[in-house]
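Remarks on the overall topology
Okay, here's what each chain looks like letter by letter:
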Amino acid sequence: MTDIPIRRALLSVSDKTGIVDLARSLAEQGVDLVSTGGTAKALREAGLSVRDISDLTGFPEMMDGRVKTLHPVVHGGLLAVRDDAAHVASMEEHGIGAIDLVVVNLYPFEATVAKGAERDEIIENIDIGGPSMVRSAAKNHAFVAIVTDPADYAVVAQGSTTLADRRRFAAKAYAATAAYDGMIAQWFAFADQGERFPETLPLTLKRGQALRYGENPHQSAAFYTASGPHARGIGQARQVQGKELSYNNLNDADAALDLVSEFREAAPTCVIVKHANPCGVASGTTLKEAYEAAFACDTVSAFGGIIALNRALDGATARAISGIFTEVVVAPDADEEALAIFAAKKNLRLLLTGTLPDPARTGLLAKAITGGWLIQTRDNASAPELQIVTKRAPPAAELADCRFAWTVAKHVKSNAIVYAKDGSTAGIGAGQMNRLESARIAAWKAKDAADKAGWATPRTIGSAVASDAFFPFADGLLAAVEAGATAVIQPGGSIRDDEVIAAADAAGLAMVFTGVRHFRH
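Because the structure is predicted, anything quoted here is derived from the model rather than measured. (Residues numbered from 1 in each chain as written. Predicted model: local features only at pLDDT ≥ 70, side-chain atom pairs only at ≥ 80, totals over all residues. Heavy atoms only, no water.)

Helix and strand counts for the protein chain stand at 18 helices and 23 strands. Against the 2.2 N^0.38 benchmark of 24 Å for 521 residues, the protein chain shows a C-alpha radius of gyration of 30 Å, more extended than a compact globule. Projected onto the principal axes, the alpha-carbon positions of the protein chain cover approximately 95 × 50 × 40 Å. When burial is assessed residue by residue, the protein chain has 48% of its 521 residues classed as buried. (Helix = DSSP H or I, 4+ residues; strand = E, 2+ residues; numbered from the N terminus. Rg over C-alpha atoms; globule rule 2.2 N^0.38 Å. Buried < 20%, exposed > 50% of the residue type's maximum accessible area, 1.4 Å probe, protein only.)

Applying the stated criterion to the full structure yields 26 salt bridges. A salt bridge links Arg82 to Asp100, with the shortest nitrogen-to-oxygen separation between them at 3.2 Å. Of this pair, Arg82 sits in the loop between helix 4 (72-79) and helix 5 (85-94) while Asp100 sits in the loop between helix 5 and strand 5 (101-105), placing them 18 residues apart in sequence. Close ionic contact of Lys447 with Asp451 constitutes a salt bridge, the shortest N to O distance being 3.3 Å. Here Asp451 and Lys447 lie together in helix 16 (residues 435-453), a separation of 4 residues that amounts to about one turn. Judged by its relative accessible area of 46%, Lys447 is partly exposed. What emerges from the salt-bridge pattern is a single network uniting Asp149, Asp152, Arg168 and Lys172. (Salt bridge = Lys/Arg side-chain N within 4 Å of Asp/Glu carboxyl O.)

In an α-helix, one full turn covers 3.6 residues, which means residues spaced three or four apart are oriented alike. Given a rise of 1.5 Å per residue, 14 residues ought to cover 20 Å, and the 20 Å separating the end C-alpha atoms of helix 11 (residues 247-260) matches this to within 8%. Within helix 11, 10 of the 14 residues are buried, which leaves it mostly tucked inside the rest of the structure. (Expected span 1.5 Å × (residues − 1).)

It is worth spelling out the nonpolar core at this point. Formed by 54 residues in total, the largest nonpolar core has its most connected members in Leu101, Val102 and Val103. At 7 residues, the largest contribution of residues to this core is made by helix 10 (residues 163-192). Those residues within four positions of Leu101 in sequence are excluded, and the remaining contacts are Ile6, Arg8, Ala9, Leu10, Leu26, Val144, Ala145, Val147 and Val156. Counting residues in each nonpolar core, the second largest holds 39 residues, with Phe223, Ile234, Leu356 and Ala466 among its members. (Core = buried A, V, L, I, M, F, W, Y, C linked by side-chain atoms within 4.5 Å. Contact = heavy atoms within 4.5 Å.)

The next point concerns the packing of helix 17 (residues 474-483) against helix 18 (residues 497-507). Two elements in contact, helix 17 and helix 18, have axes separated by 9 Å at closest approach and are oriented at 20°. Between helix 17 and helix 18, the crossing angle belongs to the class labelled roughly parallel. The interaxial crossing formed by helix 17 with helix 18 has right-handed handedness. In this structure, helix 17 contributes Ala474, Leu477, Leu478 and Val481 to the contact, and helix 18 contributes Glu499, Val500, Ala503, Ala504 and Ala507. Looking at the contact of helix 17 with helix 18 residue by residue, the classes come out as 8 nonpolar, no polar and 1 charged. (Axes fitted to C-alpha atoms, helices over the stretch in contact; angles between N-to-C directions. Parallel < 35°, antiparallel > 145°, perpendicular 65-115°, else oblique. Left-handed = near helix turned anticlockwise from the far one by under 90°. Nonpolar A, V, L, I, M, F, W, Y, C, P; charged D, E, K, R; others polar.)

Structurally, Asp448 can be placed in helix 16. Taking the C-alpha atoms as reference points, Asp448 and Pro458, separated by 10 residues in sequence, lie 8.0 Å from one another.

Before going further, it helps to examine a nonpolar patch on the surface. Nonpolar side chains collect at one region of the surface, where Phe190, Phe197 and Leu364 lie side by side and expose about 260 Å² of accessible area between them. In this fold, Leu364 is placed in strand 16 (residues 364-369). The class for Leu364 is partly exposed, based on a relative accessible area of 33%. (Patch = residues over 30% accessible without salt bridge, like charges linked within 9 Å, V, L, I, M, F, W, Y side chains within 5 Å. Areas by Shrake-Rupley, 256 points an atom, 1.4 Å probe, with all protein chains shown as cover.)

Here we come to helix 5. With a side-chain oxygen lying 2.9 Å from the backbone nitrogen of Ala86, the N-terminal cap of helix 5 falls on Asp84. Taken from the residues just after helix 5, Gly95 is the one with a positive phi, measuring 65°. (Polar contact = N/O pair within 3.5 Å; in protein donor to acceptor, adjacent residues only side chain to side chain.)

Sheet architecture is open: 5 strands sit in the order 4-3-2-5-6, paired in parallel fashion. Two strands close off the open sheet at either side, each with one partner strand: strand 4 (51-52) and strand 6 (145-147). Bridging between strand 2 (residues 8-13) and strand 5 involves 5 bridges; their strand directions are parallel. Of the residues in strand 5, the one forming a bridge with Val13 is Asn105. Where helix 8 (residues 129-139) meets the sheet, it contacts strand 2, strand 5 and strand 6, and its direction lies at approximately 145° from that of strand 5. (Pairing = 2+ DSSP bridges.)

Where helix 16 meets helix 17, the closest approach of the two axes is 8 Å, and the angle between their N-to-C directions is 10°. By the angle between their axes, helix 16 is roughly parallel relative to helix 17. The residues of helix 17 that touch helix 16, namely those facing Leu436, Ala439, Arg440 and Ala443, are Asp475, Gly476, Ala479 and Ala483.

A cis amide bond links Ser414 to the next residue, Asn415, at an omega of -5°. Locating Asn415 in the fold gives a position in the loop between helix 15 (396-409) and strand 19 (417-421). At Ala276, a position not held by glycine, the phi torsion is positive, near 70°. As for its position among the elements, Ala276 is in the loop between strand 11 (269-274) and strand 12 (277-283). The exposure class assigned to Ala276 is buried, which follows from its relative accessible area of 9%. For Asp422, which is not glycine, the phi torsion reads 55° and is therefore positive. Relative to the helices and strands, Asp422 is located in the loop between strand 19 and strand 20 (424-429). According to the relative accessible area criterion, Asp422 is exposed, its value standing at 64%.

All quantities given are derived from atomic positions and should not be read as evidence of function.
Structure below.
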């Protein structure tokens, strides 16, 4: 028989949400309620009859509550196999009563860390008795129901549980304790011990939503959200409208938000992303002006793209964006006029982040490979100290374009070449197997943009060009010269730097080295 009636329930929760209603439903069905500390107090204040855990064990809660449920009467009542004669005999011999239901949620460790508590308070919020009861009950799920999620209160409120219920509860319970221990292990490793890459790295993720499919329709996918002080991004954004986000939407929106966050203290800036690469980035005096300049960089790729803004979306910008099909718009906020305009675009997803992530934030990035994971710190290098290596030094305007192009290149898949002029990208070359081809593609795209816009010359004329890694030969730099660039920013560090510098001098270019590489794969 898989249905088991609940005759005794042990309730011990930090978060009291819904616990009184559950206890009342159980009490109405004659269930013996046993509880601890604050939970027992809350139930009594609600007029319910409840026994203290000390009544069960014969020992008082002690050591500031550290020891209360760690007792054979509790764990015997949870772990006893009810159809094993020897177990039943042990229960009778030692006066151990069966416990059919345990409802537990754990001390608020994560919240305590998040509020910046001192070390002693954090340690006191490591739950011991709670996880022990959870694991005992979950192991014996053939006979005991363990509930760790208030969403399941309604299931047990009926007074009995099925084996299917108990198996599901057990799976959730072990996931809960694993996540809890993972958070504690991360805190000890990263915060307490200062280990960047501990010997064992537990990851704590919670499923945000199941997705229709992955990158392609034949792949399954889900979106999991992270926790911790740096968990602020697409995973925490509020979707105001539009259909469900896809795997590719989320991936592209994350890339767009990551880049636009580089400009969170800058002038109004717009980023347009397609397939995780920026296809247009621009700053302007208004968001609308920034969007129009970013869009002009590549009007073809922008169709069906992802747009991210560093300011609250306004009506004028929303109206301009509505001129073409856009998958997702990400912004810190949006005014009423913008919301009304987008309301007519039923398929457009609008995500509001509240704030923009700090581009200098720490954190780890993970990539699965066959048989393991590659883990690295975020590429959060600050603005580099520039070294002028050519005879001609860049004037202020060229230097500003160098820095703009360099910021964008950091977010373009390698090999990356970015031309920029007057705070706007002119051409972007991404993901090629050699740097020369990236330079040529970026120049061709700039010329194509000029032809479509009816400009007399492409915006690469008089531009600055950024390369995410050094030029191994002068050919890539000469392609930029041919495109009309007058300034170059690159890491330097090639064994042929002298050859590349000489080529820049011969062409009258200004070139600066950053000493920092920004590969992105």
